[in-house]
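# Structural features, examined
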Amino acid sequence: MMENLKIEHSDGVLTIAISRPEALNALNLKTLSELITVLQQAYEQKDYRGIILTGDGEKAFVAGADIKELSALTREQALAFSQNGQRLFKLLEDCPKPVVAAVNGYALGGGCELAMACHVRIASQDAKFGQPEVNLGIIPGYGGTQRLAQLVGRGKALELMMTGDMISADEARSIGLVNHVVPKDDLMNVAGEMMTRILTKGPVAVSQVIKSVNAGFRFEYAGYEAEAENFALCTTTRDFKEGTDAFIEKRQPRFTGE
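Right, let's walk through the structure included here. (Residues numbered from 1 in each chain as written. Predicted model: local features only at pLDDT ≥ 70, side-chain atom pairs only at ≥ 80, totals over all residues. Heavy atoms only, no water.)

## Focus: the overall build of the chain
Along its length, the chain carries 11 helices and 10 strands. Against the compact-globule benchmark of 18 Å for 258 residues, the chain has a radius of gyration of 17 Å, which places it among compact chains. Projecting the C-alpha coordinates of the chain onto the three principal axes gives extents of approximately 55 × 40 × 40 Å. With 258 residues in all, the chain has 49% of them scored as buried. Restricting the contact set of the chain to residue pairs at least 6 apart, pairs at least 24 apart contribute 73%. (Helix = DSSP H or I, 4+ residues; strand = E, 2+ residues; numbered from the N terminus. Rg over C-alpha atoms; globule rule 2.2 N^0.38 Å. Buried < 20%, exposed > 50% of the residue type's maximum accessible area, 1.4 Å probe, protein only. Contact = heavy atoms within 4.5 Å.)

If you want it as structure tokens, here you go:
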């Protein structure tokens, strides 16, 4: 029994809903641990032929990492925090079975990174995307600096990560961050229909498509290592403490560059 995930299995499709609605489904360590467990099972279970990942509730896919939990980390803990998240998202990205993200609301920070680790992204019309970590004085730590650039190009990725801007589902589609945008009421049906089409194809061929596409980006893996180290470095700054305090206190941060 999972505390922060809702799991359903039907016709070969495993549906995973991140379920922390009181925190807009923010990713805490417990949720990440549960996701690793379920994904490892999905690798091994022959009955699971495809995965749909979504968020529980009406407002959010995943609104980010758990800021209160994050704000208490030491530099060493922050490095491990980033590396563990990167391992989980790599497990998702490398899954030999198709993974479709059904993005039903806010996909910010770690939530945007989670969606980008999936093979296909379908968004509801009210979905919002962004990497707003600079507002806290840190950087994306779950692979966002790498995958966002891979999906939308270096220039646009830098703009989004340096400004922390949040963009609409339509803009996300126009820059290549998501594949399709659909009415919210149709989101899960459209995701299911796409998965059904994929599952009519040769399973070995589908898994090899995933493996082959991912192989094209593996030469950049040093970038993930640099991201984790730089994420940890940011957590030692006064700006990080100011950014997280301001977020928790619901005020504008006053950064000093220290």
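## A short note on the pairing of strand 5 (residues 99–103)
A large share of strand 5 lies buried, amounting to 5 of its 5 residues. Residues V99, A101 and V103 point to one face of strand 5 and V100 and A102 to the other, with burial holding for every one of them. Relative to strand 5, strand 3 (residues 50–55) runs parallel, the two being bridged by 4 bridges. Residue pairing for strand 5: T54 is matched across the bridge by A102. As defined by bridge partners, strand 5 adjoins strand 7 (residues 120–124) across 4 bridges and the pair is classed as parallel. What sits directly across from V100, in strand 7, is V120. (Pairing = 2+ DSSP bridges.)

## Comments concerning the side chain of N104
Here N104 is to be found in the loop between strand 5 and strand 6 (106–108). In this structure the side chain of N104 is engaged in a polar contact, spanning 2.9 Å, whose partner is the backbone oxygen of G55. Leave out the neighbours within four places in its chain, and N104 touches T54, G55, G57, E58, A60, F61, S124, D126, K184 and L187. (Polar contact = N/O pair within 3.5 Å; in protein donor to acceptor, adjacent residues only side chain to side chain.)

## Here's the deal with the sheet that holds strand 8 (residues 128–130)
Across the sheet, which stays open at both edges, the 4 strands sit in the order 4-6-8-9 with mixed pairing between neighbours. Of all the strands in the sheet, just strand 4 (60–62) and strand 9 (166–168) have a single pairing partner and so form its edges. Averaged over neighbouring strand pairs, the angle between their axes works out to 20 degrees when direction is ignored. In the sheet, strand 6 pairs with strand 8 via 3 bridges, with the strands oriented parallel. Opposite Y106, over in strand 8, you have K128 as the bridge partner. Sheet strands in contact with helix 4 (residues 110–117) are strand 4, strand 6 and strand 8, and its direction is about 75 degrees off that of strand 4. (Axes fitted to C-alpha atoms, helices over the stretch in contact; angles between N-to-C directions.)

## Some details on the side chain of S82
Position of S82 relative to the elements: it lies in helix 3 (residues 75–93). Residue classification places S82 among the buried positions, given a relative accessible area of 0%. Those residues in contact with S82 that sit more than four places away from it in its chain are G141, Y142, A228 and F231.

## Observations regarding the packing of aromatic side chains
A complete count under the given rule lists 3 aromatic pairs for this structure. For the ring pair F81 and F231, a centre distance of 6.1 Å and an interplane angle of 10 degrees mean the geometry is stacked. With a gap of 150 residues between them, F81 in helix 3 and F231 in helix 10 (residues 221–234) connect regions that are remote in the sequence. A residue is classified by how much of its surface remains accessible, and F231, at 4% relative accessible area, is buried. Taken together, F81, F89, Y142 and F231 form an aromatic cluster joined through their ring pairs. (Phe/Tyr/Trp six-rings, centres within 6.5 Å; stacked < 30°, edge-to-face > 60°.)

## Some details on the sheet that holds strand 7
Reading across the sheet, the 6 strands line up as 1-2-3-5-7-10 and stay open at both edges, with mixed pairing between neighbours. Where the open sheet ends on each side, the last strands, each with one partner, are strand 1 (5–10) and strand 10 (180–182). Adjacent strand axes in the sheet meet at a mean angle of 20 degrees, parallel and antiparallel pairs treated alike. By the bridge criterion, 6 bridges tie strand 1 to strand 2 (residues 13–18) in an arrangement that is antiparallel.

## Here's the deal with unusual backbone geometry
With phi around 60 degrees, N25 is a residue other than glycine that occupies positive phi space. Relative to the assigned elements, N25 resides in the loop between strand 2 and helix 1 (29–44). For N25, a relative accessible area of 0% gives the class buried. For K250, which is not glycine, the phi torsion reads 60 degrees and is therefore positive. Tracing the chain through its elements places K250 in the segment after helix 11 (238–249).

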